[in-house]
Amino acid sequence: MKELSTAEWHVMESLWADSPKVGSRVVADLKKSVGWSRSTTLTMLRRMSDKGLILCEDGDDMKVYRPMVERREAVQKETQSFLDRVYHGSLSMLVNHFVEKESLSREEIDELRRILDQASEK
């Protein structure tokens, strides 16, 4: 799977939230969330269908759309891309950045410790 553009993320979020979904519902979702026109949304749906990111099926009177990529897969790809691009693949640099720049709560620190403990057990 290739990385999703920001525009593709908007469409996918609509479909991940509730799918399958008729085109008019996607149009309404994206009008509300990002202010897109009907033609913009339909163009995106067609392009994403052509790319194999979503499936377009003929319904009774409308086209029905469903994601062909799971949210988890897209998040993993995006996270790895961000880590590679910004932190040269260094997870420790990423974590260090947030620890230095953010005020972490006791709960967040405990959660990070739990995650690291689980990772060291593997």
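In what follows, the structure referred to is the one given above.
Now for a quick tour of the structure. (Residues numbered from 1 in each chain as written. Predicted model: local features only at pLDDT ≥ 70, side-chain atom pairs only at ≥ 80, totals over all residues. Heavy atoms only, no water.)

What about the pattern of salt bridges?
So, step 1. Scanning the model with the defined rule gives nine salt bridges in all.
So, step 2. Between Lys-21 and Asp-29 there is a salt bridge whose closest N-O contact spans 2.5 Å. For the pair formed by Lys-21 and Asp-29, the shared burial category is buried.
So, step 3. Between Arg-106 and Asp-110 there is a salt bridge; the shortest N-O distance is 3.4 Å. Separated by four residues within a single helix, Arg-106 and Asp-110 lie in helix H6 (residues 106-121), roughly one turn from each other.
So, step 4. A relative accessible area of 38% means that Asp-110 is categorised as partly exposed. (Salt bridge = Lys/Arg side-chain N within 4 Å of Asp/Glu carboxyl O. Buried < 20%, exposed > 50% of the residue type's maximum accessible area, 1.4 Å probe, protein only. Helix = DSSP H or I, 4+ residues; strand = E, 2+ residues; numbered from the N terminus.)

Observations concerning a nonpolar patch on the surface
So, step 1. On the surface, Leu-91, Val-95, Val-99, Leu-112 and Ile-115 cluster together into a nonpolar patch covering about 380 Å² of accessible area.
So, step 2. Among the secondary structure elements, those contributing two or more residues to the nonpolar patch are helix H5 (91-101) and H6.
So, step 3. Within the element layout of this structure, Val-99 appears in helix H5. (Patch = residues over 30% accessible without salt bridge, like charges linked within 9 Å, V, L, I, M, F, W, Y side chains within 5 Å. Areas by Shrake-Rupley, 256 points an atom, 1.4 Å probe, with all protein chains shown as cover.)

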